[in-house]
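# Descriptive analysis of the structure
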Amino acid sequence: MGNKLTAIVLAGAIALTLAACGNQEREQGLAAATREKEAAATTEASSYKSMFSSSVFLGDSITEGLSFHGVLDDKNVMGKAGATAMFALEDVDDLAGRNPKHVFIQLGSDDLLWPTDNPKQFSLTNYAKLIGKIKEKLPKAKITIMSVTPVTAAAEKSEPRYKNIADYNQGLKELAAKEKVDYTDVSPIFTAHPDLHDTDGIHMKAEYYTELLKLLQDQVK
């Protein structure tokens, strides 16, 4: 009986030791995977900063997220909370001073909320002026207009004017064709990655910005 008890205790001790080793190996494996993931993210971020070093992104608080999340350097981002196409006209001299080869514009989220009878037309008129002014100051720069990012159903319910995003984006697409500049629809990002919105349903998590630059990378090669 004593030998049997000793054997059971010994077997239990061995099992606990094996389990502890297994847990330690699993934890080490998870830690290594996390380090690899972080290293890959750092490498990717560094790659984008280099890739878009001759670009400037002009826009509102959504654009501002590019530098806020450290995806691009401040010198490559001109994003301001509340910015509209009309307000952006005041920033063209600053933009020209940075002398970018590529200008990416993403405005409209705040334009849609502008207190006027026809926010879309008012915005697109100023958008055309903005493009014209950029062409005048930076005649060699490539200009790309990006569509307004979608909002969540909850955000749209809270602010019904966001229902006009699709119509506004169609206006942007037509404006781009008229002004002979590029147009990029960012909606495929959200089709592939539906959980990119921050808690307010309007702004974006950091992951959105890496996906955005993936979408745009061919334009700067």
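All values reported here derive from a predicted model rather than from experimental measurement.

### Quick word on the overall build of the chain
- In terms of helices and strands, the chain carries 9 helices and 5 strands.
- Listing every helix and strand of the chain by position from the N terminus yields α-β-α-β-α-α-β-α-β-α-α-β-α-α.
- In the chain, which comprises 221 residues, the share counted as buried stands at 39%.
- Summarising the internal contacts of the chain: among those between residues at least 6 apart in sequence, 69% fall at separations of at least 24.
- Working note: accessible area of the chain is about 12,500 Å², and carbon and sulfur atoms make up 55% of it.

### Some points on the environment of tyrosine 208
- Along the chain, the position of tyrosine 208 falls in helix H9 (residues 206–216).
- Put simply, tyrosine 208 and isoleucine 189 are 19 residues apart on the chain and 7.8 Å apart in space, counted from C-alpha to C-alpha.
- Leave out the neighbours within four places in its chain, and tyrosine 208 touches Gln106, Thr149, Val186, Ile189, Phe190 and Leu196.

### Section: helix H5 (residues 119–137)
- Its 19 residues place the ends of H5 27 Å apart at the C-alpha level, agreeing with the 27 Å of an ideal helix rising 1.5 Å per residue.
- All of the buried residues along H5 are Ser123, Leu124, Asn126, Tyr127, Leu130, Ile131 and Ile134. Taken around the axis of H5, the buried residues stretch over an arc of 165°, which confines them to a single face.
- Residues of H5 that are buried in the fold lie against strand S1 (55–59), helix H3 (85–88), helix H4 (92–98), strand S3 (102–106), strand S4 (142–146) and helix H7 (165–179).

### Thoughts on unusual backbone geometry
- The phi dihedral of asparagine 99 is positive, around 50°, even though this residue is not glycine.
- Inspection of the secondary structure assignment puts asparagine 99 in the loop between H4 and S3.
- By relative accessible area, which is 57% here, asparagine 99 ends up exposed.
- Positioned with a positive phi, lysine 180 is a non-glycine residue whose angle comes to about 60°.
- Structurally, lysine 180 can be placed in the loop between H7 and strand S5 (182–184).
- Residue classification places lysine 180 among the exposed residues on the basis of a relative accessible area of 73%.

### Topic: the pairing of S1
- S1 sits mainly inside the fold: 5 of its 5 residues count as buried.
- Where S1 and S3 come together, 5 bridges link them in parallel fashion. Within S3, the position partnered with leucine 58 by the bridge is isoleucine 105.
- In this sheet, strand S2 (residues 77–79) lies alongside S1 in parallel orientation, the contact comprising 3 bridges. Within S2, the position partnered with glycine 59 by the bridge is glycine 79.

### Focus: the packing of aromatic side chains
- Applying the stated criterion to the full structure yields 8 aromatic pairs.
- Ring geometry for tyrosine 48 and phenylalanine 52: centres 6.5 Å apart, planes at 50°, overall tilted. Phenylalanine 52 matches tyrosine 48 in its accessibility class, with the two residues each being buried.
- Pairing tryptophan 114 with phenylalanine 122 gives two aromatic rings, centres 6.2 Å apart and planes at 5°, and the pair type is stacked.
- Put simply, the rings of Tyr48, Phe52, Phe57 and Phe104 pair up and form one aromatic cluster.

### Regarding the packing of H5 against H7
- In contact at an axis separation of 11 Å, H5 and H7 are set at 30° when each is read in the N-to-C sense. In this structure, H5 meets H7 at a crossing whose hand is right-handed. Contacts between H5 and H7 involve Lys120, Ser123, Leu124, Tyr127, Ala128, Ile131 and Lys135 from the first element and Asp167, Tyr168, Gly171, Leu172, Leu175 and Glu179 from the second.

### Comments concerning the pattern of salt bridges
- Evaluation of the coordinates by the stated rule reveals 10 salt bridges.
- For lysine 214, the salt bridge identified is with glutamate 211, shortest N-O distance 3.4 Å. You can see lysine 214 and its partner glutamate 211 sitting in helix H9, 3 residues apart, about one turn around the helix.
- Looking at lysine 214, the relative accessible area reads 36%, which means it is partly exposed.

Here is what the cut-offs are and how they apply
- Residues numbered from 1 in each chain as written.
- Predicted model: local features only at pLDDT ≥ 70, side-chain atom pairs only at ≥ 80, totals over all residues.
- Heavy atoms only, no water.
- Helix = DSSP H or I, 4+ residues; strand = E, 2+ residues; numbered from the N terminus.
- Buried < 20%, exposed > 50% of the residue type's maximum accessible area, 1.4 Å probe, protein only.
- Contact = heavy atoms within 4.5 Å.
- Areas by Shrake-Rupley, 256 points an atom, 1.4 Å probe, with all protein chains shown as cover.
- Expected span 1.5 Å × (residues − 1).
- Arc of directions from axis to C-beta.
- Pairing = 2+ DSSP bridges.
- Phe/Tyr/Trp six-rings, centres within 6.5 Å; stacked < 30°, edge-to-face > 60°.
- Axes fitted to C-alpha atoms, helices over the stretch in contact; angles between N-to-C directions.
- Left-handed = near helix turned anticlockwise from the far one by under 90°.
- Salt bridge = Lys/Arg side-chain N within 4 Å of Asp/Glu carboxyl O.

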